[in-house]
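Descriptive analysis of the structure
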Amino acid sequence: LEDIVIGSEVTVRVDDDKRVTRIEVTNDEDITIEGTVVYVSERDNKIKIEQVSGNRFTYSFARNQVLKDKDGDSIDLEDLEDIDDDSEVTITLKNGKVSSLKVR
């Protein structure tokens, strides 16, 4: 379960006792997720977030990503490096890469 990103689309199989017997992730690349920023690097083109589960996930940025600050103003990846590491973000993934990010 710790490998599943909160926000992923899944198919769940349950038995007659209503216990989960199987969880299959059907989509974890074209989803919207939320988390707390742990690390951002313009040089590496990556962001690491921690979700409420405590699990951490690292993503690369898409080529033409859309980044917005708390006020909804456009920012650059360089500006994103300057936000607090504890900032909450909402990220939209497309093909497993960050296509948009909004600081909350």
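Residues numbered from 1 in each chain as written. Predicted model: local features only at pLDDT ≥ 70, side-chain atom pairs only at ≥ 80, totals over all residues. Heavy atoms only, no water.

**Some remarks on the overall build of the protein chain**
As a reminder, the rule being used: The helix count covers DSSP runs of H or I at least four residues long, the strand count covers runs of E at least two residues long, and both are numbered beginning at the N terminus. Burial classes: relative accessible area under 20% of the type maximum marks a residue as buried, over 50% as exposed, and values in between as partly exposed (1.4 Å probe, protein chains only). Here, two residues are considered to be in contact whenever any of their heavy atoms come within 4.5 Å of each other.
The helix and strand tally for the protein chain stands at one helix and seven strands. In the protein chain, the succession of helices and strands from N to C terminus is β-β-β-β-β-α-β-β. Across its three principal axes, the protein chain shows a C-alpha extent of roughly 50 × 25 × 25 Å. Buried positions account for 32% of the 104 residues belonging to the protein chain. In the protein chain, 48% of the contacts between residues at least 6 apart in sequence involve partners at least 24 apart.

**Details of the nonpolar core**
For clarity, the threshold we go by: For this analysis, a nonpolar core means a set of buried residues of the types Ala, Val, Leu, Ile, Met, Phe, Trp, Tyr and Cys, connected via side-chain atoms within 4.5 Å.
Core analysis: the largest hydrophobic core is formed by 21 residues, its most contacted members being I47, L80, I91 and L101. Among the elements of the structure, strand 3 (32-41), strand 4 (46-50), strand 5 (56-68), helix 1 (77-80), strand 6 (88-94) and strand 7 (97-103) are those that each provide at least two residues to this core. Sequence-distant contacts of I91, that is, excluding residues within four places in its chain, are made with I31, T32, I33, I47, I49, V98, S100 and L101.

**Some points on the sheet that holds strand 7**
Defined as follows: Here, a strand pair is defined by DSSP locating no fewer than two bridges between the strands. Angles run from 0 to 180 degrees between N-to-C directions of axes, and those axes are lines fitted to C-alpha atoms, restricted for helices to the stretch in contact.
With respect to topology, five strands assemble into a closed barrel ordered 3-4-5-7-6, the strand pairing being mixed. Shown here is a sheet whose adjacent strand axes are inclined to one another by a mean of 60°, direction ignored.

**Comments concerning unusual backbone geometry**
Phi is mostly negative for residues that are not glycine, and the peptide bonds are mostly trans. Residues other than glycine seldom take positive phi values, yet K18 does so here, at roughly 65°. With respect to the secondary-structure elements, K18 resides in the loop between strand 1 (9-14) and strand 2 (20-27). Assessed through its relative accessible area of 74%, K18 is described here as exposed. The phi torsion at N95 lies on the positive side, around 55°, for a residue other than glycine.

Any functional reading would require information beyond the geometric quantities listed.
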